[in-house]
Amino acid sequence: MSRKEIAPEPFPWLDTSRYSFSQGIEAAGAAWLAGHTAGAYDAETGRVSVRGDGAEQASVCWAKVEAVLDAAGRDISACTEVTEYITVAGAPERDVIAGERPHSLGSTVGGVRPSTFIVEALVRPEALVEVEVVAGQVDGLVHIPQVLPVDDDGSVVLPGDFVGQCEWALEEAGRRLERHGMDLSHVVRVVQQTTPATRRQYNDTGEARRRLLGPQFPSSTGLLMPELPHSDALVALDVWASAHPKTVVPYQAEVYSSLTFSPAVEAGGLLFISGTTAFNMSAGETVAEGDIGGQAEFVYGEIATICEMAGTSIDNLVKTVEYVTPDGVDGYRAVGEVRQSVLGRPFPASTGVVVSGLLSRRWLIEVEAIASMP
């Protein structure tokens, strides 16, 4: 399966060749875009900076998205996935930010309901919002955006019950998949948002996950966020399912046999790789504690091994999302150096955000990735 860089010229906001990611990658019939903030080169300071309130920043984000889509011969109406990362500082402006979505499409983008991730910060500290999209339909792939434990009348179900809300959200994802002729057995990727307050209960959700998602578990990423899009929700799920047969990559099968997610799942020519951290499962210990560059080197090494075991290569990465903890931000530049040394050209599209924490306090970075199969 071919992959091709989307490189808009000109791109007046900044020189994209300086970075270890592409503005977008064409693969599997879709355009996968990097996350875009309102960052722009400032001739006076010689640096990339971000200016304006939430509305101004969101407007620039969408202008950049549209420029990349135009270079791919697509437009906003082709969007099939939309994610808005909004910082805690920007959260009071959520409605204003949403109002800057392409006006003719109202509260949706290309008919798609955006997923909202409220994060601690973005890689550019002045940024309030970052927009990431996929445009074009991947054959057989369905995205169920941001399932919250909220019933049809807007009431939160099982208030205060984290485990119960997680189970309900998975069951609700299954109900929505039925509209596409699929069920939870077709799920290939799950991204779960919770908050630091529920960290200790996270393992208690294993029984429901095992019953509802097994035995061929999807790839999975679990994140701790400062808050969720609904004040009384304790969990938010994004779910992807494929109509194609799925294959679990048997990496460290003896370790994963007791877990409720797989290291990676291949379906329909794409490889969905779970959020990968600096935890050496064989040794049962965190690698390079306190050193985000060392942790990133281990993480991308793991991703390379998983790709090879699946029959592809890290050179075929389409997209990465890097979730960084507040303790890792100061050293984040080292991650770019690792990417420069290990990733193939063209670089994958990429998004980087700062979350409240990962499931272990020792982890400074978690990377989830999607690769194309040859």
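Structural data are supplied above this passage.
Residues numbered from 1 in each chain as written. Predicted model: local features only at pLDDT ≥ 70, side-chain atom pairs only at ≥ 80, totals over all residues. Heavy atoms only, no water.

Undergrad: Got a minute to help me understand the packing of helix 3 (residues 162-178) against helix 4 (residues 206-213) in this structure?
TA: The packing of two helices is summarised by the inter-axis angle and the distance between the axes. Their axes nearest at 9 Å, the elements helix 3 and helix 4 cross at an angle of 15 degrees. Regarding the angle of helix 3 to helix 4, the classification is roughly parallel. Here helix 3 and helix 4 pass one another in a crossing that is right-handed. Between helix 3, through E167, L170 and E171, and helix 4, the contact on the second element is made entirely by A208, R209, R211, L212 and L213. Looking at the contact of helix 3 with helix 4 residue by residue, the classes come out as 4 nonpolar, no polar and 4 charged. (Axes fitted to C-alpha atoms, helices over the stretch in contact; angles between N-to-C directions. Helix = DSSP H or I, 4+ residues; strand = E, 2+ residues; numbered from the N terminus. Parallel < 35°, antiparallel > 145°, perpendicular 65-115°, else oblique. Left-handed = near helix turned anticlockwise from the far one by under 90°. Contact = heavy atoms within 4.5 Å. Nonpolar A, V, L, I, M, F, W, Y, C, P; charged D, E, K, R; others polar.)

Undergrad: Looking at this model, I keep getting lost on the pattern of salt bridges. Mind explaining?
TA: Working definition: two side chains of opposite charge can pair if their charged atoms are close together. Under the criterion given, the structure shown has 11 salt bridges. Note that R176 is salt-bridged to E172, the shortest N-O span being 2.9 Å. Placement of the pair is R176 and E172 together in helix 3, with a separation of 4 residues, close to one helical turn. Accessibility classification places R176 together with E172 in one group, the buried group. (Salt bridge = Lys/Arg side-chain N within 4 Å of Asp/Glu carboxyl O. Buried < 20%, exposed > 50% of the residue type's maximum accessible area, 1.4 Å probe, protein only.)

Undergrad: Is there a simple way to think about the packing of aromatic side chains in this case?
TA: Two numbers describe a pair of aromatic rings. These are the distance of the centres and the angle of the planes. A full pass over the atoms with the stated rule returns 5 aromatic pairs. Their ring planes at 55 degrees and their centres at 6.0 Å tell us that F279 and W363 sit as a pair that is tilted. Of this pair, F279 sits in strand 17 (residues 279-280) while W363 is found in the loop between strand 20 (349-354) and strand 21 (365-372), placing the two residues 84 residues apart along the sequence. For F279, a relative accessible area of 29% puts it in the partly exposed group. W363 gets classed as buried once you look at its relative accessible area, which sits at 14%. One cation-aromatic arrangement involves R175 over W168; the distance from NZ or CZ to the ring centre is 5.5 Å. (Phe/Tyr/Trp six-rings, centres within 6.5 Å; stacked < 30°, edge-to-face > 60°. Lys NZ or Arg CZ within 6 Å of the ring centre and 35° of its normal.)

Undergrad: Could you clarify how one ought to interpret the sheet that holds strand 3 (residues 30-33) in this entry?
TA: Two modes of strand pairing occur in sheets, parallel and antiparallel, and in both the strands are linked by backbone hydrogen bonds. Within the open sheet, the 6 strands sit side by side as 1-2-3-9-6-7. Their pairing is mixed. Each edge of the open sheet carries a strand with a single partner, namely strand 1 (3-6) and strand 7 (115-119). This sheet shows a mean twist of 20 degrees between the axes of neighbouring strands, independent of strand direction. Judged from the 4 bridges that link them, strand 2 (residues 24-27) and strand 3 form a sheet pairing that is antiparallel. Opposite A27, over in strand 3, you have A30 as the bridge partner. Together, strand 1, strand 2, strand 3, strand 6 (79-87) and strand 9 (129-135) form the strand contacts of helix 1 (residues 54-71), whose direction differs from that of strand 9 by roughly 25 degrees. (Pairing = 2+ DSSP bridges.)

Undergrad: What am I meant to see in the sheet that holds strand 10 (residues 141-147) here?
TA: If you trace the 4 strands from one edge of the open sheet to the other, you get 10-13-11-12, paired in mixed fashion. Single-partner strands in this sheet number two, and they are strand 10 and strand 12 (219-224). Strand-to-strand twist of the sheet, defined as the mean angle between neighbouring strand axes without regard to direction, takes the value 10 degrees. Here strand 11 (residues 187-194) pairs with strand 12 via 6 bridges, running parallel. Paired with Q193 across the two strands is L223, which belongs to strand 12. Running over the sheet, helix 3 touches strand 10, strand 11 and strand 13 (236-242) and is turned about 145 degrees from strand 10.

Undergrad: Sorry if this is basic, but what is going on with the nonpolar core here?
TA: Buried together is how nonpolar side chains tend to be arranged in soluble globular proteins. Counting residues in hydrophobic clusters, the biggest one holds 38 residues, and the most contacted among them are W32, Y85 and Y323. For this core, the elements supplying multiple residues, two or more each, are strand 2, strand 3, strand 7, strand 11, strand 13, strand 15 (264-267), strand 16 (270-276) and strand 19 (317-324). It is strand 19 that provides the largest number of residues to this core, a total of 3 residues. C307, L317, V324 and Y332 belong to the second-largest nonpolar core, a separate cluster that totals 28 residues. (Core = buried A, V, L, I, M, F, W, Y, C linked by side-chain atoms within 4.5 Å.)

Undergrad: Would you take a moment to explain unusual backbone geometry for this structure?
TA: Leaving glycine out, the prevailing phi sign among residues is negative, and the prevailing peptide bond configuration is trans. Of note, the amide linkage connecting E9 to P10 takes the cis form, showing an omega dihedral of -5 degrees. Among the structural elements, P10 can be located in the loop between strand 1 and strand 2. Cis geometry is found at the peptide bond from R345 to P346, where omega equals -5 degrees. Following the sequence through the fold, P346 ends up in the loop between helix 7 (333-342) and strand 20. Positive phi values are uncommon outside glycine, yet A288 reaches one of about 50 degrees. Looking at the secondary structure, you find A288 in the loop between strand 18 (285-286) and helix 6 (292-310). Taking relative accessible area as the criterion, A288 reaches 28% and is therefore assigned partly exposed.

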